[in-house]
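# Remarks on the overall topology
Read off the chains here:
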Amino acid sequence: MKILLSMAVLFLALPALSLAAAPLVAVDVGHGIQDGGAISARGRHEFEFNREFAGRLADTLRQHDLGVREVNFDGRIASLPARPEAAAGSDFFISIHHDSIGEAWLLPWEWEGQPQTHTEVKRGYGIFVSAQNPDLATSLRCASTIGALLRRAGFEPSTWHARKHVAADAQNGVWYYDNLVVLYRTTLPAVLFEAGVIKHKEEEMELRDPERQARMADTVATGIAACLFVRDVPPTTGVQGGK
């Protein structure tokens, strides 16, 4: 983790003119109009959360002098393979999602007169990589850098993923999820970012807070920029494996 934080500090200390040509980051909005994704504790579709945060992240990446390619911001890309195809030519791919939980862990409650469900056992962010990605080393380096900076900024990773996934860098919330199409059907280093758990009542409200969104977006953007601009630091090691 010290190496990752040092890399980020080095990036922040570099004068803008000394940096290489700005990398191009493809930002993908998970789910879409036809498939809204998970339903939050208050009945809001995941796609709306994804699009909102992806927009903030795209704006923040541009403020960090990175190029941005918007993927599925209109919610009309229905095919999963079409997402990395739309990102072709970029230097990095990040797919934005928000997390849920299995039905066995849901509790009933009522919101604005409508029956809903929520959970009390899972919250926090998660970052996923695929061991089948053609540039696993960069994917891991960027994922761990993002995770380390998120933790330093006070965001907590979810430990729930240890139930189903092999750890790539558990301390920083990075896990292997090998069969995610958007992570392995690509020529780019790629991560899938779960910003938090929308089935958790309190975390749902935190995820909708504009100030918190901006702080998280700035942290993720800083991690991506540090990873892509400063390429000579070796990635952290982790267990390579499957789902």
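Right above here is the structure, for reference.
Residues numbered from 1 in each chain as written. Predicted model: local features only at pLDDT ≥ 70, side-chain atom pairs only at ≥ 80, totals over all residues. Heavy atoms only, no water.

### Brief notes about empty space enclosed by the protein
Quick reminder of the rule: As defined here, a cavity is a set of points on a 1 Å grid over the protein atoms alone where a 1.4 Å probe fits but cannot get out. A pocket is an open set with protein on both sides within 12 Å along at least five of seven lines, and residues line them when an atom is within 4 Å of a point. Grid points are joined across faces, edges and corners, and a volume is the space filled by probe spheres set on the points. Strands here are runs of E lasting at least two residues and helices are runs of H or I lasting at least four, both read from the DSSP assignment and numbered beginning at the N terminus. Throughout this entry, Asp, Glu, Lys and Arg are counted as charged residues, while Ala, Val, Leu, Ile, Met, Phe, Trp, Tyr, Cys and Pro are counted as nonpolar. The remaining residues, Gly among them, count as polar.
Counted by the stated rule, this structure contains 1 cavity of 30 Å³ or more. Volume-wise, the largest cavity comes out at about 40 Å³. Together, Phe53, His98, Ala195, Glu206, Leu207, Arg212, Gln213 and Met216 line the largest cavity. When residues of the lining of the largest cavity are traced back to their parent elements, those giving at least two are helix H6 (201-207) and helix H7 (210-229). Broken down by element, the lining of the largest cavity gets its largest block of residues, 3 residues, from H7. Considering only residue class, the lining of the largest cavity consists of 4 nonpolar, 2 polar and 2 charged.

### Considerations on the pattern of salt bridges
Side chains that differ in sign of charge can pair as their charged atoms come close. Note the cut-off: In the sections that follow, a salt bridge refers to a side-chain nitrogen of Lys or Arg positioned within 4 Å of a carboxyl oxygen of Asp or Glu. Three labels apply to residues, based on accessible area from a 1.4 Å probe with only protein chains included: buried if under 20% of the type maximum, exposed if over 50%, partly exposed otherwise in between.
Under the definition given, this model contains 9 salt bridges. Two residues, Arg83 and Asp28, come together in a salt bridge whose shortest N-O distance is 2.8 Å. Of this pair, Arg83 sits in helix H3 (residues 82-86) while Asp28 sits in strand E1 (residues 24-29); the two residues are 55 residues apart in sequence, bridging distant segments of the chain. Comparing Arg83 with Asp28, the two get one shared label, buried. For the salt bridge of Glu204 with Arg42, the shortest nitrogen-to-oxygen distance reads 2.8 Å. Of the two residues, Glu204 is situated in helix H6 and Arg42 in the loop between E1 and helix H2 (46-63); the sequence distance between them amounts to 162 residues. The exposure classification of Glu204 matches that of Arg42, with both residues buried. One salt-bridge network, held together by shared partners, links Arg44, Glu48 and Glu52.

Take it as geometry only, folks, not as evidence of what the structure does.
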